[in-house]
Amino acid sequence: MNTQQLVWDFDEPLDLSSVSIVDSFNTLLMVFGSLSEDASEVLKNHYPKSHIIGCSTAGEISNDGALSDCLVITFIQFEKTSVRKSVRYLSEYQGACKALGSALARDLLQPDLRHVFVLSDGLKVDGTFLVDGLRSELPEHVKITGGLAGDCVNFNQTRVYTENVRASGLVVAIGLYGEALQVSYGSRGGWCAFGIERKVTRSEGNVLYELDDQNALEIYHSYLGDLTNELPSSGLRFPLEITDVEKQTKLVRTLLATDDESGSITFAGHIPNGVTARLMRANVDSLIDGAQDAAKVCRDYIESSPQFAVLISCVGRKLLLKQLADDEVDAVREELGEHTMLCGFYSYGEIAPLDNRHNSELHNQTMTITAFSEK
């Protein structure tokens, strides 16, 4: 596997003359940040055979740390691994995210499939049902990782990229094939629950209306105080931990939008009726420790230092970390090693197993890492 990275700050036209990675059917370009039509054309013209995937973000992650307002292009040329891609629009499925996920999986399913990496619109697609659809068609040993596109803290429109397409309502998945590929995963948060444990008494999909038969938004207001005026962005600092007693699972959900008229809160993942919920908070040190723990988990399940790793961290973490966002990337670097090429983005949702022993889920407020090596 050969890797190279280019960080473009938009001051000059996009120049690929320094890139030595060759164009091939087994070359993958990961593009995170603000991709213009002109830059998209440059990439496609220089790499017509290669697979190009990416998305808009709430911040970019490069090999050198956390960035903002740039475009990070990472070139990966696999030597022993083959690559296939599937692209689907939500409009094809009338909003049925599970059916969309199932179709993506069927497109990629082959006997030697090792891993699926997916990028999705971050506002229109319910990531919980997307993952459910992918898992319904894939064998248990094939895990799914990836994330939901971001839009800084605007929550207006997110886009997914592939070749010359830059569109909302789009989901793209990459299948990686062959026994030479080693993949490891880790997802950790660092947030702590606080306050009263309440029951979700009314919700529809990812929209929460009532906790303990009370208006959910009013409950949030009571905790946020003066920060209420800064919703929805201030809500990113106070995600919701949901506990499903029957399934014995705990997941974190990020606030995306609020509706004063209905008193509802829209989250980045499914909020089932009947689960219990508590607000969460964190400090800088606990978030950085969470990122390091995710990297340790990755390192434990791979034979040697990985050659390449994708880091997807939640926008809420970036807001809390601020200028210390570099520190969580540094913590990952310390665990994975200096020879691992890092790239990624700050997202509206992260898709991964907690580690190699678990199934893939939609997470929020985590640092999620997917590490790759070829034998």
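Counting restarts for each chain, with residues numbered from 1 along the sequence as it is written. Only residues with pLDDT of at least 70 get local features here, since the model is predicted, and only at 80 or more are side-chain atom pairs given and counted; chain-wide, interface and lining totals rely on the full set of residues. Excluded from the side-chain calculations are hydrogens and water; all other atoms, namely the structure's heavy atoms, are used.

### A short note on the overall build of the chain
Of the regular secondary structure elements, the chain holds seven helices and 26 strands. Taken over the C-alpha trace, the chain has a radius of gyration of 20 Å; the compact-globule value for 375 residues is 21 Å, and the two agree within 12%. A burial count over the chain gives 58% of its 375 residues as buried. Summed over all atoms, the accessible surface of the chain reaches about 15,000 Å², with 43% contributed by carbon and sulfur. The positive charge centre, built from 32 side chains, and the negative charge centre, built from 53, are 6 Å apart in the chain. Strands here are runs of E lasting at least two residues and helices are runs of H or I lasting at least four, both read from the DSSP assignment and numbered beginning at the N terminus. Within these notes, the globule rule equals 2.2 Å times the number of residues to the 0.38 power, and the radius of gyration is based on C-alpha atoms. Categorising residues by exposure relies on relative accessible area from a 1.4 Å probe, with only protein chains included: less than 20% of the type maximum marks a residue as buried, more than 50% marks it as exposed, and the intermediate range marks it as partly exposed. Every accessible area reported is derived by Shrake-Rupley at a probe size of 1.4 Å, with residue values counting cover from the shown protein chains alone. Residues scored as charged are limited to Lys and Arg (positive) and Asp and Glu (negative), so that His and the chain ends carry no count. By convention, the charge on Lys lies at NZ, on Arg at CZ, on Asp at CG and on Glu at CD.

### Looking at the packing of aromatic side chains
In this analysis, rings of Phe, Tyr and Trp, with Trp reduced to its six-membered ring, are considered paired at centre separations within 6.5 Å, and the interplanar angle assigns stacked below 30 degrees, edge-to-face beyond 60, and tilted for intermediate values. Tallying each qualifying case throughout the model produces eight aromatic pairs. When the ring of Tyr47 is compared with that of Phe75, the centres are 5.4 Å apart and the planes differ by 45 degrees; the resulting orientation is tilted. Of this pair, Tyr47 sits in the loop between helix 1 (37-46) and strand 3 (51-55) while Phe75 sits in strand 6 (residues 71-77); the two residues are 28 residues apart in sequence, bridging distant segments of the chain. Residue Tyr47 is classed as buried on the basis of its relative accessible area of 5%. A ring pair is formed by Phe194 and Phe238, whose centres lie 6.4 Å apart and whose planes are at 65 degrees; its orientation type is edge-to-face. In this pair, Phe194 sits in strand 14 (residues 192-204) while Phe238 sits in the loop between helix 4 (216-224) and strand 17 (240-244), placing the two residues 44 residues apart along the sequence. For the residue pair Phe194 and Phe238, the accessibility class agrees, reading buried in each case. Aromatic rings pair up to connect Phe194, Tyr223 and Phe238 into one cluster. Sitting over a ring, as applied to charges here, requires NZ of Lys or CZ of Arg to be within 6 Å of the ring centre and within 35 degrees of the ring normal. The lysine or arginine in question, Arg281, covers the ring of Phe194, its NZ or CZ lying 4.2 Å from the ring centre.

### A look at the environment of Arg135
Along the chain, the position of Arg135 falls in helix 3 (residues 127-137). Taking C-alpha positions, Arg135 is 8.1 Å from Gly101, a pair spaced 34 residues apart along the chain. Contacts are assigned to residue pairs that have any heavy atoms within 4.5 Å of one another. Those residues in contact with Arg135 that sit more than four places away from it in its chain are Ile144, Asn359, Ser360 and Glu361. Residues adjacent in sequence count toward polar contacts only when both atoms are side-chain atoms; beyond that, a polar contact is any pair of N or O atoms within 3.5 Å, and within protein one must be able to donate a hydrogen and the other to accept it. From its side chain, Arg135 meets the backbone oxygen of Ser360 in a polar contact 3.0 Å long.

### Side note on the sheet that holds strand 23 (residues 341-347)
Strand order in the open sheet formed by six strands is 5-4-23-22-26-13, with mixed pairing between adjacent strands. Each having just a single partner strand, strand 5 (65-67) and strand 13 (181-188) make up the two edges of the open sheet. Adjacent strand axes in the sheet meet at a mean angle of 15 degrees, parallel and antiparallel pairs treated alike. We treat two strands as partners when DSSP finds at least two bridges between them. With three bridges joining them, strand 4 (residues 60-62) and strand 5 adopt antiparallel strand pairing. Bridging from a neighbouring strand, Glu60 pairs with Leu67 of strand 5. A fitted line through C-alpha atoms represents every axis, and for helices the fit uses only the stretch in contact; the resulting angles, taken between N-to-C directions, go from 0 to 180 degrees.

### Side note on the side chain of Asp126
By the secondary structure assignment, Asp126 is in the loop between strand 8 (113-120) and helix 3. For salt bridges, the criterion is a side-chain nitrogen of Lys or Arg within 4 Å of an Asp or Glu carboxyl oxygen. No salt bridge is formed by the buried Asp126; the nearest opposite charge belongs to Arg253, separated by 7.0 Å. From its side chain, Asp126 meets the backbone nitrogen of Thr128 in a polar contact 3.0 Å long. If we ignore the near neighbours within four places in the chain, the residues touching Asp126 are Cys97, Gly205, Asn206 and His270.

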